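Coordinate inspection notes
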Amino acid sequence: MDAAAFFWGGGWLLLGGLGLCVGALVNWAVYELAYNRRPISPWSPGRRGPVTWADRVPVWGWLRLRREESTWGKGFWIRPAGVEAAWAVALPALYWWEVVVGGVDFASQPADLATLHVRFAFHAVLFTLMTAGSLIDLDEKTLPDAITLPGTWLGLLLAALYPWALLPDLPRIPFEDRLEAILSGHLSTAEIIRDLRSDYRFLHAASPYPWPFALEGAPNGPALALGLSLWWFWCFALMDRRWHGRLGLRRAWRYFCARLVRSPASHFAFAMGLVGSLGIVIVWTVGGERWRGLLSALIGLGAGTALVWGVRLLGGWALGREAMGFGDVVLMALLGTVVGWQGVLIIFFVAPIIALGFGIVHAILRQGTVIPYGPFLCLAAGCVILSWGRLWPELTPIFRLGWVLPLVLSGCLLLLPPLLVVVRLVREVLEALLIKDIRD
């Protein structure tokens with residue numbers, strides 16, 4: 001059956017009912033996977049009050065649970081009911097946009113129906129995780145690993161098993177760009193021929209250029225070493241790494257190593273590293289499109305981790321306090337597996353623009369400076385994914401700049417510490433003036 005015929009023939013109603021169930025799952029995750037667990041959801045196993053099956057009906061059940069306002073607070077039911085109602089609309093809308101319309105793809109490169117459905121299912125799961133993580137971050141300014149780690153594994157598995165469902169790349173390199181690439185030595189004739197023979201292209205680490213032979217699978221050892229290095233870099237980031245610089249270099253290093261070896265979190269990350277390494281070696285042996293997809297996802301993972309981790313370290317040094325939570329680092333790694341390093345850069349610059357307005361209102365109304373950043377990363381990622389069919393063709397010329405782009409990004413990161421130092425000094429001066437006015 002045609003996707004449009006299925007959708008308008010009643011499929012939207014089926015998807016709407018499924019969306020209600022997804023919303024109920026999001027609410028369960030918000031209360032059960034948070035650091036401070038609260039058995040508010042009617043599906044929570046440790047719930048205090050009696051719950052009937054009618055209380056578990058999406059939206060309607062929350063209207064019935066208004067009887068518990070004395071326990072959970074007035075209006076506690078409004079947000080979860082809104083989440084379930086929103087997902088009843090969002091899931092059919094996502095199907096219509098990605099499968100019926102094909103809005104993520106390009107007009108000159110439509111995907112087959114199976115690829116559209118796999119991508120839709122993957123994005124539905126991804127948006128479910130991002131919704132739950134954003135609500136938890138809004139509640140307690142933390143992003144649990146129970147949200148981000150499964151999402152990262154899912155992104156890597158998709159890239160390895162069905163990379164064609166990743167974000168699409170432009171069909172082929174234009175003739176003038178191919179000629180320029182050959183004359184400049186950036187591409188060989190064989191690479192150009194392979195580009196001309198390509199059918200459906202997904203976004204990979206070399207996009208918008210063809211995939212280089214230097215990154216091919218077996219028996220190419222350097223490509224395997226790159227993939228394993230990026231994987232273990234992420235696993236190391238998840239380990240218990242605490243540096244006590246005030247103890248002196250020698251003692252700080254001793255405590256760092258001891259905690260790294262003894263911590264259960266480090267043991268878990270090490271076990272993940274071993275399992276993931278085995279999978280990487282297997283896909284590298286298979287080679288082909290699946291290896292290109294997996295290595296591209298690993299490069300996106302490494303780029304997302306390094307970029308936000310670097311901002312966290314530089315910002316913390318400049319401000320004298322934590323600039324970003326480490327949950328944002330792990331979240332950006334997850335997004336990197338989905339949108340690649342190209343999408344990571346776009347999200348990195350779009351998220352602060354979205355957060356700026358909220359931050360100003362938050363500071364005015366609540367007199368606070370700490371805001372959760374995870375929801376804005378998720379919102380930027382959603383905008384990038386859903387508008388990819390129009391966004392990537394416009395930004396492709398920028399990503400054809402080659403090494404100029406990383407140099408520009410490095411310059412922006414180097415300018416970040418002095419800018420934040422100025423911000424900190426201005427804030428301290430304003431606080432001192434405010435305290436003086438209060439005393440006077």
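Use the structure listed above.
First, a word on what this report is: a plain description of the structure on this page. Just so you know, these numbers come straight off a predicted model, no measurement behind them.

With that settled, the discussion passes to the overall build of the protein. Helices and strands together make up the secondary structure of the protein, namely 16 helices and zero strands. Of all 440 residues assigned to the protein, the portion counted as buried reaches 48%. Look at the contacts in the protein between residues 6 or more apart in sequence, and 70% of them connect residues 24 or more apart. For the protein, the exposed surface amounts to about 22,400 Å²; the carbon and sulfur share of it is 70%.

Looking at the secondary structure, you find Thr128 in helix H5 (residues 113-140). The class for Thr128 is buried, based on a relative accessible area of 13%. Excluding residues within four positions of it along the chain, Thr128 makes contact with Val22, Val26 and Trp87.

The end-to-end C-alpha distance of helix H15 (residues 388-399), which contains 12 residues, comes to just 14 Å, noticeably less than the 16 Å that a straight helix rising 1.5 Å per residue would cover. Regarding H15, the residues found buried are Trp388, Gly389, Trp392, Leu395, Thr396 and Phe399. The buried residues of H15 occupy one face: seen down the axis, they fall within an arc of 140 degrees. Projecting away from the buried face of H15 at angles above 90 degrees are the exposed residues Arg390 and Glu394.

Turning our eyes to something else, we now look at the environment of Ala54. Following the sequence through the fold, Ala54 ends up in the loop between helix H1 (3-32) and helix H2 (60-64). Once you skip the residues sitting within four places of it in the chain, Ala54 turns out to touch Trp60, Gly61 and Arg64.

With that out of the way, let us pick up the packing of aromatic side chains. Per the stated rule, a full pass over the model turns up 18 aromatic pairs. The interplanar angle of 70 degrees and the centroid separation of 5.8 Å between the aromatic rings of Phe6 and Tyr95 together place this pair among those described as edge-to-face. Note that Phe6 is positioned in helix H1 and Tyr95 in helix H4 (residues 78-100), a separation of 89 residues in sequence. Seen from their ring centres, Trp392 and Phe399 are 5.2 Å apart, and the 45 degrees between their planes marks the pair as tilted. Phe399 shares its class with Trp392; the two are buried. Above the ring of Trp77, the side-chain terminus of Arg66 is found at 5.6 Å from the ring centroid. For Arg400, the ring lying beneath its charged end belongs to Tyr209, and the centroid distance is 5.5 Å.

It is worth spelling out the packing of helix H6 (residues 145-161) against helix H9 (residues 221-238) at this point. One can describe the packing of H6 onto H9 by two numbers: an axis separation of 13 Å at closest approach and a directional angle of 175 degrees. Comparing the axis directions of H6 and H9 gives the class roughly antiparallel. Touching Leu149, Thr152, Trp153 and Leu156 of H6 are Trp231, Trp234 and Leu238, all from H9. Its residues assigned to classes, the contact of H6 with H9 shows six nonpolar, one polar and no charged.

A pair can form between side chains of opposite charge whenever their charged atoms are brought close. Tallied over the full model, the rule gives 10 salt bridges. Across the salt bridge formed by Asp169 and Arg201, the nearest N and O atoms sit 3.0 Å from each other. Of this pair, Asp169 sits in the loop between H6 and helix H7 (175-184) while Arg201 sits in the loop between helix H8 (189-197) and H9, and the two are 32 residues apart along the sequence. When the shortest N-O distance is used, the salt bridge between Glu216 and Arg292 registers 2.8 Å. Here Glu216 is found in the loop between H8 and H9, whereas its partner Arg292 is found in helix H12 (residues 288-319), with 76 residues between them in sequence.

With that settled, consider empty space enclosed by the protein. This model, assessed by the stated rule, comprises three cavities of 30 Å³ or more. Here the largest cavity defines a volume of roughly 80 Å³. Lining the largest cavity are 14 residues, with Leu166, Leu203, Ser296, Val339 and Gly340 sitting closest to its centre. At the level of secondary structure, the elements contributing two or more residues to the lining of the largest cavity comprise H12 and helix H13 (326-366). In terms of residue count, H13 provides more of the lining of the largest cavity than any other element does, six residues in total. In terms of residue class, the lining of the largest cavity is built from seven nonpolar, seven polar and no charged.

Moving on, we come to the side chain of Ser134. In this fold, Ser134 is placed in helix H5. Other than its neighbours up to four places away in sequence, Ser134 contacts Gly374, Pro375 and Cys378.

Remark: helix H10 (residues 249-262) packs on helix H11 (residues 264-286), axes separated minimally by 5 Å, with the N-to-C direction vectors making an angle of 65 degrees. On the side of H10, the interface is formed by Arg259, Leu260, Val261 and Arg262, while H11 contributes Pro264, Ser266 and His267.

This part is about a nonpolar patch on the surface. A surface patch of nonpolar side chains, amounting to about 580 Å² of accessible area, comprises Trp8, Trp12, Leu13, Trp96 and Val101. A total of three residues in the nonpolar patch trace back to one element, the largest contributor, which is H1. Considering the arrangement of structural elements, one finds Trp96 in helix H4. Overall, Trp96 belongs to the partly exposed group, its relative accessible area being 35%.

Thresholds, definitions, all that
- Residues numbered from 1 in each chain as written.
- Predicted model: local features only at pLDDT ≥ 70, side-chain atom pairs only at ≥ 80, totals over all residues.
- Heavy atoms only, no water.
- Helix = DSSP H or I, 4+ residues; strand = E, 2+ residues; numbered from the N terminus.
- Buried < 20%, exposed > 50% of the residue type's maximum accessible area, 1.4 Å probe, protein only.
- Contact = heavy atoms within 4.5 Å.
- Areas by Shrake-Rupley, 256 points an atom, 1.4 Å probe, with all protein chains shown as cover.
- Expected span 1.5 Å × (residues − 1).
- Arc of directions from axis to C-beta.
- Phe/Tyr/Trp six-rings, centres within 6.5 Å; stacked < 30°, edge-to-face > 60°.
- Lys NZ or Arg CZ within 6 Å of the ring centre and 35° of its normal.
- Axes fitted to C-alpha atoms, helices over the stretch in contact; angles between N-to-C directions.
- Parallel < 35°, antiparallel > 145°, perpendicular 65-115°, else oblique.
- Nonpolar A, V, L, I, M, F, W, Y, C, P; charged D, E, K, R; others polar.
- Salt bridge = Lys/Arg side-chain N within 4 Å of Asp/Glu carboxyl O.
- 1 Å grid on protein atoms, 1.4 Å probe; cavity = no way out; pocket = protein on both sides within 12 Å on 5 of 7 lines; lining within 4 Å.
- Points joined across faces, edges and corners; volume = space filled by probe spheres on them.
- Patch = residues over 30% accessible without salt bridge, like charges linked within 9 Å, V, L, I, M, F, W, Y side chains within 5 Å.

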